[in-house]
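Listed here are the chains, written in short residue letters.
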Amino acid sequence: MEIVKKRSLLIYFFLLFSCCFSQIEQQQSFLWEKLQQQQQHRPARAKTDCQIQSLNAREPTRKFDSEAGTTEFWERDSEEFECAGVAAVRNNIQPQGLLLPHYNNAPQLIYIVQGRGLLGLVIPGCAETFETPQSERRTRGEQSREAESHGGDRHQKIRQFRQGDVLALPAGFTLWLYNNGQENLVTVALLDIANPINQLDLEFRHFFLAGNPHPKGLSGSRYEEEIKSRSEQHLQSGNFIHGYDPDLIAKVFNVDRELVTRLEGREDQRGQIIRAERFDVLSPEFEQEQPGRERPRPNGLEQTICTMRLRENLGRPSRADVYNPRGGRVSTLNSNKLPILNWLQLSAERGVLYQNAVMAPYWNTNAHSIIYIIRGNGRFQVVGDAGNSVFDGEVKEGQMIIVPQNFAIVKKAGDQGLEYIAFKTNDQAMTNPLAGRLSAIRAMPEEVLMNSYQISRQDARRLKYNREEATVFAGRRSTGHSTRAMEYALNAVEAFLKV
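Residues numbered from 1 in each chain as written. Predicted model: local features only at pLDDT ≥ 70, side-chain atom pairs only at ≥ 80, totals over all residues. Heavy atoms only, no water.

Student: Summarise the packing of aromatic side chains; cite the residues concerned and give the values.
Tutor: Taken as a whole and assessed by the stated rule, the structure comprises 7 aromatic pairs. For the ring pair Trp176 and Phe279, a centre distance of 5.7 Å and an interplane angle of 75° mean the geometry is edge-to-face. With Trp176 in strand β11 (residues 174–178) and Phe279 in the loop between β14 (273–275) and β15 (311–313), the pair connects residues that are 103 residues apart, well separated along the chain. By relative accessible area, Trp176 is classed as buried at 15%. Centroid distance Tyr178 to Phe279: 3.8 Å. Interplanar angle 20°. Geometry classified as stacked. One end of the pair, Tyr178, is in strand β11; the other, Phe279, is in the loop between β14 and β15, with 101 residues separating them in the sequence. A relative accessible area of 5% means that Tyr178 is categorised as buried. (Phe/Tyr/Trp six-rings, centres within 6.5 Å; stacked < 30°, edge-to-face > 60°. Helix = DSSP H or I, 4+ residues; strand = E, 2+ residues; numbered from the N terminus. Buried < 20%, exposed > 50% of the residue type's maximum accessible area, 1.4 Å probe, protein only.)

Student: Explain the state of the cysteines residue by residue, including any values.
Tutor: By definition, a disulfide links the sulfur atoms of two cysteines through a covalent bond. Applying the stated rule across the entire model yields 2 disulfides. For Cys50, the disulfide goes to Cys83, at an S-S distance of 2.0 Å. An S-S torsion of about 100° defines the bridge between Cys50 and Cys83 as right-handed. Separated by 33 residues along the polypeptide, Cys50 in the loop between α2 (30–40) and β1 (62–66) and Cys83 in helix α3 (residues 79–84) bring together distant segments of the chain. Take Cys83: its relative accessible area is 1%, and that puts it in the buried class. Note that Cys126 is cross-linked by a disulfide to Cys306, the S-S spacing being 2.0 Å. A torsion of -90° about the S-S bond marks the disulfide between Cys126 and Cys306 as left-handed. With Cys126 in the loop between β6 (116–122) and β7 (130–131) and Cys306 in the loop between β14 and β15, this residue pair connects regions lying 180 residues apart in the sequence. Using a relative accessible area of 13% as the deciding quantity, one classes Cys126 as buried. (Disulfide = S-S within 2.5 Å.)

Student: Mind laying out the pairing of strand β18 (residues 347–353), listing which residues take part and the relevant values?
Tutor: For β18, a buried count of 7 out of 7 residues is recorded, marking the element as mostly surrounded by other parts of the structure. Here β18 shows a buried face lined by Ser347, Glu349, Gly351 and Leu353 and a second buried face lined by Ala348, Arg350 and Val352. Where strand β17 (residues 328–333) meets β18, 6 bridges bridge the pair, whose relative direction is antiparallel. Along β18, the bridge assignment pairs Val330 with Gly351. Note: β18 against strand β23 (residues 408–424), 7 bridges, orientation antiparallel. Across the sheet, residue Glu349 finds its bridge partner in β23, namely Ala422. (Pairing = 2+ DSSP bridges.)

Set out below in structure tokens:
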């Protein structure tokens, strides 16, 4: 009888705890599951005009100086950017520089080209999980009456990042960046303005919560022309608080009118990157990733919208998905590795090609590719749908080139090698190589190649099996051999597309 009672109690407690844990998991993962469900019925990307006759490797066309750094924009009116439906921004933030809090109308991927820093992302509805104890603030001499009443400073999670990281940031979420390192922080960002999340138009817009990001006005796109016209009318642009009635804002925040005047930033001439010498925020030490240690799979209890991972490092050689010790390596990042990318509908690829190495010709089957040259130089050739060459030229550090969906590209590194980051407009971007062990050519029967290209069986076999590498081919010191390899690759692409 006692054994039966004990068994009954064990079963009762087991069911009780199972029920409790199930309820906790359901509450914690509700928002994340809701976002995933929305993706099943998401609308398509905005349709854009892609009548591309030629491509260009472009550098930023507009540069704006701030107190502690510079912001550069690529020309949005070019046909390549209009075709891809994207915008690109590069920030150079000096040590102790703070990029003011703001939000954008499109999801973005930020690649950390150089330096390290802190990222603050304010996620609506999430708790303030970082708290500075009163004793610590008292030690710093910062204790005030307000702090005493609220128990110290509390804020949402702050994330650290470093060179080689990709940061995935949703649209409409407030963010700020701070350079807490000893060298300049250089970031390049890709904003997907044709993403269905953006329900405005195909113009890049950023909304600042503080400062006066455009004290002298801008020129270029329609949005920037609007800012310029306001400045010419002596209505100096500022953050969005500037547009509200000051008395109403004072009542909303329960503060005096003098503080509201400071919030408006009418006379602030520091720009959007300011110097913040006193910046001692609460943030844990940088998480050191252990070599060979696998990342635990999300279980629904930890992978919620408030704690979701936003960062992945593509700079480490051990992170490579494709590696040729004589040619280079390629690392990819998609929604399988960083789940938030399923929401943003973006992905990334980082490539490192050694001296004179060649990457097999390929095309992206379901995404545009926006390639930024991080370091080095090289030669790119891109072929369009009619088998015509739309780009054949040198690329170098700091340039960006857009390769539309299904356009085939071949890359060859120069004498300095070549490093690049490619942003792609699909969270599961797929490539189809033309040459190599995993290529479309190798997957076809010899008879198809013989009849399509009017070649012998021996030539068909050479075409299929002469390259055993997958996608990255080793470089050769001889310029003649390298040039002939590029010409062969380009001719193969053109012939394949004309078939």
